[in-house]
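Chain by chain, the residues run as shown.
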Amino acid sequence: MKRRDLLKLSSAGLAAGALYGSGLGGAFAQTKMVLKATDVHPLGYPTVEAVQRMGKKLEQATNGRLSIQMYPSMQLGGEKEMIEQAQVGALAIARISVGPMGPLVPELNVFNMPFMFRDTAHMEKVIDGEIGAEMLKKLSDHPTAGLIGLCWMNAGVRNVYNSKKPIQTVEDLKGLKIRMMGNPVFVDTMNALGGNGVAMGFDQLINAMQTGVVDGAENNEPTYMTGQHNRYAKYYSRTGHLIIPEILVFSKRVWGQLSKEDQELITKLSKEAQQESRTLWYEMEKKSVEEMQKAGVVITDIPDKKAFQAAVKPVWDKYGAQLSGIIQRIQDVK
Ligand code: GTR
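Just so it is clear, the structure is predicted and the values come from calculations on it, not from any experiment.

Engineer: Lay out the overall build of the chain in plain terms, naming residues and giving numbers.
Structural biologist: The helix and strand inventory of the chain stands at 13 helices and 12 strands. Radius of gyration (C-alpha) of the chain: 20 Å, near the 20 Å computed for a compact globule of 334 residues. Within the span of the chain, comprising 334 residues, buried residues form 57% of the whole. Accessible surface, the chain as shown: approximately 14,000 Å² in total, 54% of it carbon and sulfur.

Put into structure tokens, the structure is as follows:
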């Protein structure tokens with residue numbers, strides 16, 4: 001079945017598609033429910049695996065009353081569609097990047113600022129700590145977002161890749177059309193770096209690279225390799241301009257149909273998934289770099305990123321002011 005048809009099917013199914021069962025409200029607490037989950041990545045990808053493991057634990061803890069059915073590989077559309085489906089209750093769980101969440105909950109955009117984190121260890125400390133908990137709550141309490149923020153997951157470091165040449169300096173980005181996630185912060189970031197940022201969904205990227213609509217994109221090594229982006233853009237340069245965590249969100253509509261105990265159980269298991277996905281992440285990252293080397297990808301290191309950091313100052317001027325309090329707190333996390 002084509003993705004579009006699946007999408008139609010799932011939208012038509014609404015809540016019935018998000019959880020199979022019978023009865024309403026509190027009655028659900030006693031009824032068998034299959035929570036529909038989705039991810040843009042394929043089976044075996046750390047985030048997919050972590051959510052599936054969470055599903056198995058949920059099934060065990062509830063004697064099969066609650067379980068998770070995973071739809072990987074963009075079967076239900078790109079992240080924009082995933083967010084929309086979770087909002088209307090057509091699916092229960094969506095694993096997405098914080099990238100496309102910025103336009104929905106502006107506070108989350110702090111994680112989308114270029115060179116926000118010193119390194120991945122800094123990012124992990126922030127999401128594991130007080131700020132991470134606060135940001136999840138900000139999403140859950142948001143009056144119109146319609147989503148519960150369950151937990152964070154690792155997504156490495158985003159680097160630019162393209163079909164034309166290795167990037168060593170900011171000047172090398174000039175004239176390159178680079179796909180960015182759908183959020184003005186990212187298009188502004190690429191433009192500030194001298195490239196041409198083109199916003200589009202992850203689900204459109206392969207086609208755009210094949211047809212030359214873009215010269216490349218930017219992402220972590222596991223996404224680059226599982227998505228086979230190396231076939232279209234063999235120059236992978238470690239610009240390291242973004243370190244964005246993933247977020248696991250739950251449909252508020254579906255959440256409201258769960259008992260308090262079930263909500264607590266899912267919350268607890270999601271915290272375990274946050275840590276489990278981290279171990280899976282580092283294994284996958286290592287494996288992906290090995291695969292890149294074998295596949296003949298031209299990997300370019302950029303040890304000194306000062307010029308890149310200086311170039312994105314306009315982005316900080318534009319978005320930083322309204323986020324200044326939280327930026328300071330993140331920088332203070334040592
Ligand atoms: C990946 C991330 C996805 C998606 C994708 C993108 O790193 O795991 O959720 O956001 O990037 O670039 O759209």
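Engineer: Before we move on, could you go through the site of the ligand and cite the residues and values that matter?
Structural biologist: Around the ligand, the structure places 13 residues, and the nearest of them are His41, Glu79, Arg179, Asn219 and Glu246. Take Arg158: an N or O atom from its side chain is 2.8 Å from an oxygen atom of the ligand. Within the side chain of Asn220, a nitrogen or oxygen atom sits 3.2 Å from an oxygen atom of the ligand. When the ligand is considered free in solution it has 320 Å² of accessible area, and contact with the protein chains removes 98% of it. Class assignment of the residues belonging to the shell around the ligand gives a composition of 3 nonpolar, 5 polar and 5 charged. Shared between two domains, the shell around the ligand takes at least three residues from each, and those domains are domain 1 (3-155 + 244-285) and domain 2 (158-243 + 289-332).

Reading the values: the criteria
Throughout this document, residue positions are counted from 1 along each chain, in the order its sequence is written. Only residues with pLDDT of at least 70 get local features here, since the model is predicted, and only at 80 or more are side-chain atom pairs given and counted; chain-wide, interface and lining totals rely on the full set of residues. With hydrogens and water excluded, all non-hydrogen atoms of the structure serve as input to the side-chain values. Strands are runs of DSSP state E lasting at least 2 residues, helices are runs of H or I lasting at least 4, and numbering of each runs from the N terminus. Radius of gyration here uses only the C-alpha atoms, and the compact-globule reference equals 2.2 Å multiplied by the residue count raised to the power 0.38. Only protein chains enter the calculation, and the probe is 1.4 Å; a residue is then buried if its accessible area is under 20% of its type maximum, exposed if over 50%, and partly exposed in between. For the area figures, the Shrake-Rupley method with a 1.4 Å probe applies, and any residue is considered shielded solely by the protein chains shown. The cutoff for a nearby residue is simple: one of its non-hydrogen atoms must lie within 4 Å of the molecule or strand. Think of a polar contact as two N or O atoms within 3.5 Å of one another; within protein, one of them needs to be a possible hydrogen donor and the other a possible acceptor, and neighboring residues in sequence only count if both atoms come from side chains. Note on residue classes: Ala, Val, Leu, Ile, Met, Phe, Trp, Tyr, Cys and Pro are nonpolar, Asp, Glu, Lys and Arg are charged, and everything else, Gly too, is polar. Note: domain ranges come from an automatic or database domain assignment.

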